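Understanding the architecture of this molecule
What follows is each chain in one-letter form.
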Amino acid sequence: MPMPDSSPEDHDDLHCSQHGAGHVAYICEHLANRPEQRWHCDYPTEETPWPDAWCDTCDAALQAAGGDWDDESAPEIKIICHHCYEELQGKSVHCLTPEAHAAWSECLEEYLPLLQGKQARLAAKIKGCDWEYDQETGLLTFSKNGKSLLVAEFESVGSFSSVSRTWLWSWANFTTFPNVRTRITAVRDFGEARDFLPLIIPKWPAELVDAWEVSAFAVHLLHAEGIYRAPIHQGFHFLAIMSIQS
Ligand SMILES: [Zn+2]
Ligand SMILES: [Zn+2]
């Protein structure tokens, strides 16, 4: 694993030998050595986008110590750059337990055909339309010849980057307006309860098919009418259509 160069100029920033300038993030040495395991950490917030993370072993020690690290339970900490943090955490996305893996497949078998049906109905409604979406109002407008035909309320699900080939949940994307990423946390809660790691890891390596799969969960759980896949710079923004107003 690439380690940061020493003597960063600012306590919040460091220079990573792989990524150059980055922000400081802290993980236990076990995660640094073997990232393909369950990560224990808070969800990212705008204030703390890369929260401290530790492994099962360190978490057991933490619980045994009563929920606070002491000298004996405190793990060895690695300081890494935020790019390394995201890459390492992304590697843990497939570490589902056999039970969770089976349940995940069952859900997909149910949700994907439902999504396909909704997409077909949606496609028929918006065929040949121009579109524009406005994060401020949370509205997606479809129009023909400059005349608005359909207005739909949307919730941002996440975005797929065709360059980094990653999926990023909207709840972890702080450039997305807060008003279009409030309901999506219900999908994360569902993932949390079932150990569905693709629903709870903020950013992970993905292909387009993965983006559609997690969107199928979102459409089902949010009772959405389908997905509008909006092209953005170097990728797609997946929007769940919550209600078509006209
Ligand atoms: Zn650990
Ligand atoms: Zn790095």
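Residues numbered from 1 in each chain as written. Chains lettered and ligands numbered in written order. Predicted model: local features only at pLDDT ≥ 70, side-chain atom pairs only at ≥ 80, totals over all residues.

1. As for the overall build of the protein chain
Secondary structure assignment for the protein chain yields seven helices and ten strands. Of all 246 residues assigned to the protein chain, the portion counted as buried reaches 33%. Considering only contacts within the protein chain whose residues lie at least 6 apart along the sequence, 61% involve residues at least 24 apart. (Helix = DSSP H or I, 4+ residues; strand = E, 2+ residues; numbered from the N terminus. Buried ≥ 20, exposed ≤ 12 C-beta atoms within 10 Å, placed from the backbone. Contact = placed C-beta atoms within 7 Å.)

2. As for the nonpolar core
In this structure, Phe 154, Ala 218, Leu 239, Ala 240 and Ile 241 are the most contacted members of the largest nonpolar core, which totals 40 residues. Of all the secondary structure elements, the ones that give two or more residues to this core are α4 (98-126), β5 (139-144), β6 (147-161), β7 (166-169), α6 (197-200), α7 (208-221), β9 (226-232) and β10 (235-244). Among the elements that take part in this core, α7 stands out by supplying seven residues, more than any other. Contact partners of Leu 239, with chain neighbours within four places excluded, come to Tyr 133, Leu 140, Phe 154, Ser 156, Val 157, Ile 227, Tyr 228 and Ala 230. Among the nonpolar cores identified, the runner-up in size contains 17 residues, and Trp 50, Trp 54, Tyr 85 and Leu 88 belong to it. (Core = buried A, V, L, I, M, F, W, Y, C linked by C-beta atoms within 7 Å.)

3. Some details on the sheet that holds strand β1 (residues 13-16)
Strand pairs in the sheet, formed through backbone hydrogen bonds, run parallel or antiparallel to each other. In spatial order, the strands read β1-β2-β3; together these three strands make up an open sheet with antiparallel pairing. Two strands in the sheet have a free side with no partner beyond their single neighbour: β1 and β3 (77-81). Strand-to-strand twist in this sheet, taken as the mean axis angle between neighbours without regard to direction, amounts to 55 degrees. With four bridges connecting them, β1 and strand β2 (residues 20-28) associate as antiparallel partners. Bridge assignment links Leu 14 to a residue of β2, and that residue is Gly 22. Its contacts with the sheet put helix α3 (residues 82-90) on β1, β2 and β3, and the angle it makes with β2 is roughly 50 degrees. (Pairing = 2+ DSSP bridges. Axes fitted to C-alpha atoms, helices over the stretch in contact; angles between N-to-C directions.)

4. Thoughts on the domain arrangement of the protein chain
Under the domain assignment used here, the protein chain contains domain 1 (13-90) and domain 2 (98-244). With five residues of domain 1 at the contact, the number on the domain 2 side is eight residues. In the side of domain 1 that touches domain 2, the residues fall into one nonpolar, two polar and two charged. (Domains from an automatic or database assignment. Nonpolar A, V, L, I, M, F, W, Y, C, P; charged D, E, K, R; others polar.)

5. Details of α3
Listed as buried for α3 are Cys 84, Tyr 85, Glu 86, Glu 87, Leu 88 and Gln 89. Packed against the buried residues of α3 are β1, β2, α1 (29-33), β3 and β8 (203-205).

6. What to know about the confidence of the model for the protein chain
Looking at the protein chain, pLDDT values average 92 and 95% of them are 70 or higher. Confidence drops under pLDDT 50 across residues 1-11; counting only partners more than four residues distant or on other chains, this segment forms 19 contacts. (pLDDT = per-residue confidence, 0-100.)

7. Points about the environment of Ile 232
Tracing the backbone through its elements, the reader meets Ile 232 in strand β9. For Ile 232, a count of 12 C-beta atoms within 10 Å translates into the label exposed. Residues Ile 232 and Ser 159 lie 73 residues apart in sequence; the distance between their C-alpha atoms is 8.9 Å.

8. With respect to the packing of α4 against α7
One way to put it is that α4 packs onto α7 with a least axis distance of 9 Å and a crossing angle of 80 degrees. Between α4 and α7, the interaxial angle falls into the category roughly perpendicular. Touching Cys 107, Leu 108, Tyr 111, Leu 112, Leu 114, Leu 115 and Lys 118 of α4 are Glu 213, Ala 216, Phe 217, Val 219 and His 220, all from α7. Taken together, the residues of the contact of α4 with α7 break down into nine nonpolar, one polar and two charged. (Parallel < 35°, antiparallel > 145°, perpendicular 65-115°, else oblique.)

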